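Chain residues, written in single-letter form:
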Amino acid sequence: MKVFNNTTRKIFLASWVLINQEIENEGNLTQHNPGKKFRCDVLKPLRLWINNIEVRDRQFAHRVCQVIPAQCPFERDVKLLGKTLFHIPPMCKLNPLYDEVVALRFRSLCYLADECGEDISQYC
């Protein structure tokens, strides 16, 4: 079973529905309520560019999996004498391109597993 085909269809369909709903909502805001401003997404071209990157090269897929970590490297528990003083939450979700970067890593892992038949346990 190819994980990539099943998962990406659901992800792309959900993204498409969400984008269409945003377009309809923006159109409704500008037609019915001319005083309200619509959101301008400055990072949309970058998001589209990352989402359109096709993983077709084994070396590129390995490089992406090595560069993008599986878990947030900034999340920490600060301990003193065995007791947790405080917890630093993961800050990766503050990144506005977090979802796109994680999706690129997922596409790379799926390419390595499905197309190349490689063991990807080293990246998990």
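Here, the structure is the one placed above.
Predicted, not measured: the structure shown is a model, and the values here were computed from it.

Novice: Could you give me a rundown of the side chain of R47, with the residues and numbers involved?
Specialist: When you line up the elements, R47 lands in helix α2 (residues 44–51). Within the structure, R47 has its side chain in polar contact with the backbone oxygen of P96 (distance 2.9 Å). Setting aside residues up to four positions removed in sequence, R47 forms contacts with D41, P96, L97 and E100.

Novice: Let's hear about the packing of α2 against helix α4 (residues 98–115): which residues, and what values?
Specialist: The description of two packed helices rests on the angle between their axes and on the distance between the axes. Running from N to C, α2 and α4 cross one another at 10°; their axes reach a closest spacing of 9 Å. It follows that α2 is roughly parallel to α4 by the angle criterion. Note on element contacts: α4 touches α2 through E100, V101, L104 and R107, opposite R47, I50 and N51.

Novice: Outline the nonpolar core, supporting the account with residue identities and numerical values.
Specialist: Residues V55, A61, C65, L104, L112 and Y123 are the most contacted members of the largest nonpolar core, which totals 13 residues. Of all elements in the fold, only α3 (58–67) and α4 reach the threshold of two or more residues within this core. If you tally residues by element for this core, the top one is α4, at 4 residues. Setting aside anything within four residues of it in sequence, one finds V55 in contact with F60, A61, L104, R107, S108 and Y111.

Novice: Give me the lowdown on the environment of P90, citing residues and values where you can.
Specialist: Relative to the assigned elements, P90 resides in the loop between β2 (83–88) and α4. The exposure class of P90 is partly exposed, given its relative accessible area of 36%. Sequence separation between P90 and Q71 is 19 residues, and the spatial gap between their C-alpha atoms is 8.8 Å. Excluding residues that lie within four positions of it along the chain, P90 makes contacts with C72 and E75.

Novice: Lay out the pairing of strand β1 (residues 76–80) with the relevant residues and their values.
Specialist: Taken together, the 5 bridges between β1 and β2 define a ladder with antiparallel strand orientation. Looking at the pairing, L80 lines up with K83 of β2. Turn length for the β1-β2 hairpin, with the two strands adjacent in sequence and antiparallel, is 2 residues, and the turn residue L81 shows positive phi of about 55°.

Novice: Summarise the pattern of salt bridges; cite the residues concerned and give the values.
Specialist: Within the structure shown, the criterion is met by 4 salt bridges. We note a salt bridge from E54 to R56, for which the minimum N-O separation is 3.4 Å. A relative accessible area of 55% means that E54 is categorised as exposed. A relative accessible area of 64% means that R56 is categorised as exposed. With its nearest N and O atoms 3.3 Å apart, the salt bridge here joins E118 to R58. Placement of the pair is E118 in the segment after α4 and R58 in helix α3, with a sequence separation of 60 residues. Classification of R58 as partly exposed rests on a relative accessible area of 42%. Several salt bridges share partner residues, and in doing so they unite D41, R47 and E100 into one network.

Cut-offs used in this document
- Residues numbered from 1 in each chain as written.
- Predicted model: local features only at pLDDT ≥ 70, side-chain atom pairs only at ≥ 80, totals over all residues.
- Heavy atoms only, no water.
- Helix = DSSP H or I, 4+ residues; strand = E, 2+ residues; numbered from the N terminus.
- Polar contact = N/O pair within 3.5 Å; in protein donor to acceptor, adjacent residues only side chain to side chain.
- Contact = heavy atoms within 4.5 Å.
- Axes fitted to C-alpha atoms, helices over the stretch in contact; angles between N-to-C directions.
- Parallel < 35°, antiparallel > 145°, perpendicular 65-115°, else oblique.
- Core = buried A, V, L, I, M, F, W, Y, C linked by side-chain atoms within 4.5 Å.
- Buried < 20%, exposed > 50% of the residue type's maximum accessible area, 1.4 Å probe, protein only.
- Pairing = 2+ DSSP bridges.
- Salt bridge = Lys/Arg side-chain N within 4 Å of Asp/Glu carboxyl O.

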